[in-house]
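Architecture at a glance
Read off the chains here:
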Amino acid sequence: WAKSHAHQRCAVLNIRHGDKIKPYWVKNHKTASFFVDLEDYLTHGRAMLRHNHSEHSKEVYLLLTDDADVVNHTLSRPWLPIAVAPGSENMFPSSKVVTGALEGTWNKGVDELARIFSSMQIAAQCSAFVGNAQSAFSKLAYFDLLGRRGAAPLSFSFGSDQFAYDAITDALMERQCK
């Protein structure tokens with residue numbers, strides 16, 4: 001990853017569709033309807049990467065997700081410059097959990113932990129983060145990126161909570177979030 005994307009700008013897309021399985025998310029969060037999808041995350045990531053950069057310079061996205069549906073959706077679009085992070089492997093599809101066809105499990109052990117840590121190491125090269133600040137994992141990934149980079153990434157969060165530098169990103173980009 002580091003060598004093949006050294007001269008490209010990178011944004012992390014942390015899509016936590018699995019969180020929508022819980023009643024709180026279905027009832028209260030604006031992404032609960034599944035209408036906020038990969039393209040919405042890309043739109044925000046692209047805007048941040050293109051801020052103060054030429055639209056012609058190369059950009060790449062790193063997908064961090066716990067949802068096999070999102071991974072499959074991404075892989076079905078090979079023309080998009082999106083790499084699937086190791087931590088996104090071997091996840092279950094939230095569509096089957098929501099319909100009751102599969103019961104989710106979040107304790108997959110040390111192999112999953114190793115994939116998550118390697119994903120966070122890769123993500124440290126990215127200068128932008130799109131996620132959901134109401135998610136504990138999304139906050140962990142964001143602050144891990146912040147700590148490893150030693151500099152604040154541009155950021156955007158869906159929903160009412162914000163990451164630490166969302167307001168600064170909004171001001172830099174002259175973006176008004178509703």
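Refer to the structure presented above.
Now for a description of the structure that goes with this document. Keep in mind the model is a prediction, meaning the values are calculated, not measured.

A few points about the overall build of the protein chain
In terms of regular secondary structure, the protein chain is built from seven helices and five strands. Going residue by residue from the N terminus, the α and β elements of the protein chain occur as β-α-α-β-α-β-α-α-β-α-β-α. Scored against the burial criterion, the 178 residues of the protein chain give a buried share of 46%. Contacts in the protein chain between residues far apart in sequence, at least 24 positions, make up 64% of those at least 6 positions apart. Entry remark: accessible area of the protein chain is about 9,500 Å², with carbon and sulfur atoms responsible for 55%.

Re the sheet that holds strand 3 (residues 82–84)
With parallel pairing, the five strands of this open sheet are ordered in space as 3-2-1-4-5. The open sheet has two free edges, formed respectively by strand 3 and strand 5 (154–157), since each of these has just one partner strand. Adjacent strand axes in the sheet meet at a mean angle of 20°, parallel and antiparallel pairs treated alike. The pairing of strand 4 (residues 128–131) with strand 5 spans four bridges and is classified as parallel.

Digging into the pairing of strand 2 (residues 59–65)
Burial analysis of strand 2 places seven of its seven residues in the buried class, the great majority of the element. A two-sided burial pattern is seen for strand 2, the buried positions comprising Glu59, Tyr61, Leu63 and Thr65 on one face and Val60, Leu62 and Leu64 on the other. Of the strand pairs in this sheet, strand 1 (residues 9–15) and strand 2 are connected by seven bridges, and their pairing is parallel. For Asn14, the partnering residue across the bridge sits in strand 2 and is Leu64. For strand 2 and strand 3, the ladder comprises three bridges, and the chain directions are parallel. Bridge pairing links Leu63 to Val84 in strand 3.

Some thoughts on the packing of aromatic side chains
Inspection of the entire model under this criterion finds six aromatic pairs. Taking the centre distance of 5.2 Å and the plane angle of 90° together, the rings of Phe129 and Phe163 count as edge-to-face. Of this pair, Phe129 sits in strand 4 while Phe163 sits in the loop between strand 5 and helix 7 (166–173), and the two are 34 residues apart along the sequence. The residues Phe129 and Phe163 share a single accessibility class, namely buried. Ring geometry for Phe156 and Phe158: centres 5.0 Å apart, planes at 85°, overall edge-to-face. For the pair Phe156 and Phe158, a shared accessibility class is recorded, and that class is buried.

Re the packing of helix 5 (residues 110–123) against helix 6 (residues 136–149)
Helix 6 packs onto helix 5 with a crossing angle of 50° between their chain directions and a minimal axis gap of 9 Å. For the element pair helix 5 / helix 6, the angle class is oblique. Where helix 5 crosses over helix 6, the handedness of that crossing is right-handed. Side by side, helix 5 and helix 6 meet where Ile116, Phe117, Met120, Gln121 and Ala123 of the first sit next to Phe137, Leu140, Ala141, Asp144, Leu145 and Arg148 of the second. For the contact of helix 5 with helix 6, the residue count by class is eight nonpolar, one polar and two charged.

Details of the pattern of salt bridges
Counted by the stated rule, this structure contains five salt bridges. The salt bridge partner of Arg50 is Glu59, with a shortest N-O separation of 3.3 Å. The network of salt bridges with common partners includes Arg9, Arg46, Arg50 and Glu59.

Considerations on the state of the cysteines
Overall, the coordinates contain one disulfide when judged by the stated rule. Note on cysteine connectivity: Cys10 is disulfide-linked to Cys126, with sulfurs 1.8 Å apart. One end of the pair, Cys10, is in strand 1; the other, Cys126, is in the loop between helix 5 and strand 4, and 116 residues separate them in sequence.

Reading the values: the criteria
- Residues numbered from 1 in each chain as written.
- Predicted model: local features only at pLDDT ≥ 70, side-chain atom pairs only at ≥ 80, totals over all residues.
- Heavy atoms only, no water.
- Helix = DSSP H or I, 4+ residues; strand = E, 2+ residues; numbered from the N terminus.
- Buried < 20%, exposed > 50% of the residue type's maximum accessible area, 1.4 Å probe, protein only.
- Contact = heavy atoms within 4.5 Å.
- Areas by Shrake-Rupley, 256 points an atom, 1.4 Å probe, with all protein chains shown as cover.
- Pairing = 2+ DSSP bridges.
- Axes fitted to C-alpha atoms, helices over the stretch in contact; angles between N-to-C directions.
- Phe/Tyr/Trp six-rings, centres within 6.5 Å; stacked < 30°, edge-to-face > 60°.
- Parallel < 35°, antiparallel > 145°, perpendicular 65-115°, else oblique.
- Left-handed = near helix turned anticlockwise from the far one by under 90°.
- Nonpolar A, V, L, I, M, F, W, Y, C, P; charged D, E, K, R; others polar.
- Salt bridge = Lys/Arg side-chain N within 4 Å of Asp/Glu carboxyl O.
- Disulfide = S-S within 2.5 Å.

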